[in-house]
Amino acid sequence: AVERTLSIIKPDAVGKNVIGEIVTRFEKAGLNVVAMKMLHLDDDKAGGFYAEHKERPFFGDLVSFMTSGPVVVQVLEGEDAIAKNRELMGATNPQEAAAGTIRADFAQSIDANAVHGSDSAESAAREVDYFFAADEICPR
Ligand code: CMP
């Protein structure tokens, strides 16, 4: 089915100047960018986004990393977009990410792991809404 998913290009990847290379991978895989913006998250916006991890020991580090520089948030649309994006990203820990995935090629560590992608239809709906108003999404 045609789905939408939220993608975030994280501060490490923005800092390495690989926004375009990452977006190209989405496009080549048949995902359409239907919304996109650059933001510098503050503690509230990053903490709210990752609210489900609030009790995890890495939450503080995660929020400080995600607020350390600008990010690019996008809505990707396409057939099986949620799973397709997760395949392109590779495992959360870049040390475990398959060769040729975004995290294997661009990420350093489990915190500085280049990209985020929604993990289910429920989180995709919540995450897209968290960053984009309906009139900021431009289906093609
Ligand atoms: P992301 O997909 O953005 O979702 C939560 C983030 O927390 C994850 O990517 C990692 O960057 C970060 N993180 C740090 N430590 C862990 C951990 N032990 N397990 C899962 N995620 C972690």
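Keep in mind the model is a prediction, meaning the values are calculated, not measured.

Examining the overall build of the chain
And step 1. What the chain contains, in helices and strands, is 7 helices and 4 strands.
And step 2. Expected size for 140 residues packed as a compact globule is a radius of gyration near 14 Å; at 14 Å, the chain falls within 12% of this value.
And step 3. Structurally, the chain occupies a C-alpha span of about 40 × 35 × 25 Å along its principal axes.
And step 4. Taking all contacts inside the chain whose residues are at least 6 apart in sequence as the whole, residues at least 24 apart take part in 77%.
And step 5. Counting only carbon and sulfur atoms, one obtains 51% of the accessible surface of the chain, whose full area is about 7000 Å².

Things to note about the pattern of salt bridges
Between side chains of opposite charge, pairing is possible as soon as their charged atoms come close.
And step 1. What the rule picks out here adds up to 3 salt bridges.
And step 2. Note that Arg-4 is salt-bridged to Glu-77, the shortest N-O span being 2.8 Å. On the criterion of sequence distance, the pair formed by Arg-4 in strand β1 (residues 2-9) and Glu-77 in strand β3 (residues 71-79) is long-range, its members being 73 residues apart.
And step 3. As a salt-bridge pair, Asp-105 and Arg-25 come within 2.9 Å of each other at their nearest N and O atoms. Pair noted here: Asp-105 is in helix α6 (residues 102-106) and Arg-25 is in helix α2 (residues 19-28), with a separation of 80 residues, a long-range link.

Let's talk about the site of the ligand
And step 1. Around the ligand lies a shell formed by Lys-10, Tyr-50, His-53, Phe-58, Leu-62, Thr-92, Arg-103, Ile-110, Asp-111, Asn-113 and His-116.
And step 2. One nitrogen or oxygen atom from the main chain of Ile-110 is found 2.5 Å from an oxygen atom belonging to the ligand.
And step 3. Looking at the shell around the ligand residue by residue, the class counts come to 4 nonpolar, 4 polar and 3 charged.

Observations regarding the environment of Phe-131
And step 1. Tracing the backbone through its elements, the reader meets Phe-131 in helix α7 (residues 121-131).
And step 2. Exposure remark for Phe-131: the relative accessible area of 5% places this residue in the buried category.
And step 3. Separated by 86 residues in sequence, Phe-131 and Lys-45 have C-alpha atoms that sit 9.3 Å apart.
And step 4. Those residues in contact with Phe-131, other than ones at most four positions away along the chain, are Leu-6, Ile-8, Lys-37, Leu-39, Leu-41, Lys-45, Phe-49, Val-73 and Glu-136.

Brief notes about the UniProt feature "binding site: ATP" (unreviewed entry) in the chain
And step 1. When the UniProt feature table is mapped onto this chain numbering, "binding site: ATP" (unreviewed entry) sits at Lys-10, Phe-58, Arg-86, Thr-92, Arg-103 and Asn-113.
And step 2. Relative to the elements of secondary structure, Arg-86 occurs in helix α5 (residues 81-89).
And step 3. Take Arg-86: its relative accessible area is 35%, and that puts it in the partly exposed class.
And step 4. Apart from residues no more than four positions distant in its own chain, Arg-86 is found in contact with Gly-117, Ser-118 and Asp-119.
And step 5. Note on placement: Asn-113 falls in the loop between α6 and β4 (115-117).

A few points about the nonpolar core
And step 1. Ranked by internal contacts, the top residues of the largest apolar core, which has 21 residues, are Leu-6, Ile-8, Met-66, Val-75, Phe-131, Phe-132 and Ile-137.
And step 2. Those elements giving two or more residues to this core turn out to be β1, β2 (32-39), α3 (43-49), α4 (59-66), β3 and α7.
And step 3. Here this core takes 5 residues from α4, the largest share from any one element.

A few points about the side chain of Thr-67
And step 1. In this structure, Thr-67 sits in the loop between α4 and β3.
And step 2. Within polar-contact distance, the side chain of Thr-67 engages the backbone oxygen of Val-63 at 2.9 Å.
And step 3. Each residue touching Thr-67, except ones within four places of it in the same chain, is listed here: His-40, Leu-41, Asp-42, Asp-43 and Ala-46.

What counts as what
- Residues numbered from 1 in each chain as written.
- Predicted model: local features only at pLDDT ≥ 70, side-chain atom pairs only at ≥ 80, totals over all residues.
- Heavy atoms only, no water.
- Helix = DSSP H or I, 4+ residues; strand = E, 2+ residues; numbered from the N terminus.
- Rg over C-alpha atoms; globule rule 2.2 N^0.38 Å.
- Contact = heavy atoms within 4.5 Å.
- Areas by Shrake-Rupley, 256 points an atom, 1.4 Å probe, with all protein chains shown as cover.
- Salt bridge = Lys/Arg side-chain N within 4 Å of Asp/Glu carboxyl O.
- Near = heavy atom within 4 Å.
- Polar contact = N/O pair within 3.5 Å; in protein donor to acceptor, adjacent residues only side chain to side chain.
- Nonpolar A, V, L, I, M, F, W, Y, C, P; charged D, E, K, R; others polar.
- Buried < 20%, exposed > 50% of the residue type's maximum accessible area, 1.4 Å probe, protein only.
- UniProt positions renumbered as here; feature names shortened; annotations may be inferred.
- Core = buried A, V, L, I, M, F, W, Y, C linked by side-chain atoms within 4.5 Å.

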